[in-house]
Amino acid sequence: MSSGDTSITIVGNLTADPDLRFTTSGTAVASFTVAASRRLFDQQSNQWKDGDTLFLRCNAWRQMAEHATNSLAKGMRVIVTGRLRQRDYEAKDGSKRTAYEIDVDELGPSLKFATARVTKTTREQAPHPAVSGSDPWAAAAAPPPGPQSDSSGSGWGGDEPPF
């Protein structure tokens, strides 16, 4: 992220299933809208009420786009972090309009009211479309799952951190 980008995090519900499309060059992009409503406590009625709702269009690219369409569905509460973008356009009636969108950097389900099971993909399952031929990182394979040990007794092999 460059220093001039406006970083934003939004928590809200998906208004529809993510829509997966592909650019002419074959790059995957998932578009979806997140609706976020502020909850306000009305002391006169002694009840919680919804405030104004903010609808933000979000665009996830490449592998994240495919993961989003396979993992998320309408109504799910999500957390989106990304870069806020402003797009100016001309409407059909000739008036000038502005739309605000998020280019997604990170995306996931909110665990406030739900549970989720995460399945990590491997490079073989989800190859990066920009890499052709051999994978230069394939030789640096991760250690097998399970506890690792070294002579120090720390429980982890070498000087790699446990994450």
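In case you missed it, the structure is sitting above this.
Criteria and thresholds
- Residues numbered from 1 in each chain as written.
- Predicted model: local features only at pLDDT ≥ 70, side-chain atom pairs only at ≥ 80, totals over all residues.
- Heavy atoms only, no water.
- Helix = DSSP H or I, 4+ residues; strand = E, 2+ residues; numbered from the N terminus.
- Buried < 20%, exposed > 50% of the residue type's maximum accessible area, 1.4 Å probe, protein only.
- Contact = heavy atoms within 4.5 Å.
- Pairing = 2+ DSSP bridges.

Caption draft 1: Looking closely at the side chain of Asp103. In this fold, Asp103 is placed in strand β6 (residues 96-109). Under the relative-accessibility criterion, Asp103 is labelled buried at 17%. Non-local contacts of Asp103, meaning those with residues more than four positions away in its chain, are made with Asn59, Trp61, Gly82, Arg83 and Arg85.

Caption draft 2: Representation of the pairing of strand β5 (residues 77-90) in the model. Here strand β1 (residues 6-14) runs beside β5; their pairing, made up of eight bridges, is antiparallel. Across the sheet, the residue bridging to Ser7 is Arg83, located in β5. Where β5 meets β6, 13 bridges bridge the pair, whose relative direction is antiparallel. Bridge assignment links Arg83 to a residue of β6, and that residue is Asp103.

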